[in-house]
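Tertiary structure, described
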Amino acid sequence: MLQGKARAYTNIALIKYWGKKDEDLIIPMNSSLSLTLDAFYSETQVTFDPQLTEDIFYLDGNLETGKSSEKTSQFLDKIRQIANIKTFAKIESQNCVPTAAGLASSASGLAALAGACNAALELNLSEKDLSRLARKGSGSACRSIFGGFAEWVKGDSDENSFAESIAADGWEDELAMIFILINDQAKDVSSRDGMRRTVLTSPFYQGWLTAVTEDLATTKTAIATKDFTLLGATAEANALKMHATTLGANPPFTYWSPDSLFAMNQVRQLRQQGYDCYFTMDAGPNVKILTKKSQVPALLQELNKVFAKEKLITAQAGPGIQIF
Ligand code: FM0
């Protein structure tokens, strides 16, 4: 039996990955840039066992069926191809999040699985090749190999599409992210389905591609010059552009719930009051606030006036993947 274990932390994109050029290899249409966080991680153990007749996947102790296990099994097929084996695997994964409120992340999950397989099958992959491998599980996972800021350079092939660390001279440790957990009744459109529908049908998608190149360059300048206002303003605008593309899709959709809009407005108001805070959102209703670590206590005090304490989670910059 071949066994390996790894822990990977989730990352939040400041410049979003939105759209695939190659759906099988997961080559993106645009480059993206993220901050890896310390508060949410996945710890995954994989056991390749000749006795198994199919892959089995336990998440937080529960046997998974449905879509998440499909994504996982498809990824294992790719790994078996690389390692030239046919053995099925048992995966035992724990999602470590402060509360269980819709924060499960495919980025940390698939990055941890890639790391666990790397260990189990003694693939001895470099960080770059581990990032390429994680990418094939879930695009955003390729950025969770690295701590702090990471850029997924889109490339145009399996060989040259991977993430790399962006040096920030420790500036990332002065930043923080506050998650506002939003209640939502709407039926989820997965990021995978959402981006596919947008690429195929949204007339705004071309505008996204034009804008994201410039937003990425601006963000890298903001990091190099430690310009928080530029970093935050660019991230917020980039997220809004990504979400704008979904309204043009056919059929149209949005990840925003009324409470998301309320939260975004709160962030704008706090900014008017002088706080350094900007929001971003991903393929779900939660709103994430990018701010300075030094302002977190005061901001939490303000946010507590309108959001319940248990709906607010604070994270800081986190480390890269750990393989056990
Ligand atoms: O993280 O189809 O990685 O850059 O979170 O598995 O490749 O789950 F808001 C959207 C993440 C997309 C932006 O997509 O898709 C980002 C998003 P997959 P992912």
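A brief report on the enclosed structure follows. (Residues numbered from 1 in each chain as written. Predicted model: local features only at pLDDT ≥ 70, side-chain atom pairs only at ≥ 80, totals over all residues. Heavy atoms only, no water.)

With that out of the way, let us pick up the overall build of the protein. Across its full length, the protein carries eight helices and 14 strands. Taken over C-alpha atoms, the radius of gyration comes to 19 Å for the protein, in line with the 20 Å a tight globule of 324 residues would show. In terms of overall dimensions, the protein has C-alpha extents of about 60 × 40 × 40 Å along its principal axes. For the protein, the proportion of contacts with a sequence separation of at least 24, taken over those separated by at least 6, is 76%. (Helix = DSSP H or I, 4+ residues; strand = E, 2+ residues; numbered from the N terminus. Rg over C-alpha atoms; globule rule 2.2 N^0.38 Å. Contact = heavy atoms within 4.5 Å.)

The next subject is the pattern of salt bridges. Pairing of side chains with opposite charge becomes possible as their charged atoms draw close. Applying the stated criterion across every chain yields a total of 19 salt bridges. Put simply, Arg-132 and Asp-129 hold a salt bridge, and the shortest N to O gap is 2.8 Å. Of this pair, Arg-132 and Asp-129 both sit in helix α3 (residues 127-135), three residues apart, which is roughly one turn of the helix. What makes Arg-132 buried here is its relative accessible area of 16%. A salt bridge links Asp-282 to Lys-288; the shortest N-O distance between them is 2.8 Å. The burial state of Asp-282 is the same as that of Lys-288; both residues are buried. Members of the salt-bridge network, linked through shared partners, are Asp-129, Arg-132, Arg-135, Lys-136 and Asp-158. (Salt bridge = Lys/Arg side-chain N within 4 Å of Asp/Glu carboxyl O. Buried < 20%, exposed > 50% of the residue type's maximum accessible area, 1.4 Å probe, protein only.)

Another aspect to go through is the nonpolar core. Of all hydrophobic cores here, the largest spans 71 residues; its most connected members are Val-46, Phe-149, Phe-179 and Leu-231. No other element matches helix α2 (residues 106-120), which puts eight residues into this core. Counting residues in each nonpolar core, the second largest holds 19 residues, with Ile-178, Ala-263, Cys-277 and Phe-279 among its members. (Core = buried A, V, L, I, M, F, W, Y, C linked by side-chain atoms within 4.5 Å.)

This paragraph deals with the packing of α2 against α3. Put simply, α2 and α3 touch, their axes get as near as 9 Å, and they point 125° apart. Viewed along their axes, α2 and α3 adopt a mutual orientation that is oblique. When the axes of α2 and α3 are compared, the crossing they make is right-handed. Judged by residue contacts, Ala-111, Ala-114, Gly-115 and Asn-118 of α2 engage Leu-130, Leu-133 and Ala-134 from α3. Grouping the amino acids of the contact of α2 with α3 by side-chain chemistry returns five nonpolar, two polar and no charged. (Axes fitted to C-alpha atoms, helices over the stretch in contact; angles between N-to-C directions. Parallel < 35°, antiparallel > 145°, perpendicular 65-115°, else oblique. Left-handed = near helix turned anticlockwise from the far one by under 90°. Nonpolar A, V, L, I, M, F, W, Y, C, P; charged D, E, K, R; others polar.)

Take the environment of Phe-179 next. Relative to the elements of secondary structure, Phe-179 occurs in strand β10 (residues 175-180). Taking relative accessible area as the criterion, Phe-179 reaches 2% and is therefore assigned buried. The spatial distance from the C-alpha of Phe-179 to the C-alpha of Lys-311 is 7.7 Å, given a sequence separation of 132 residues.

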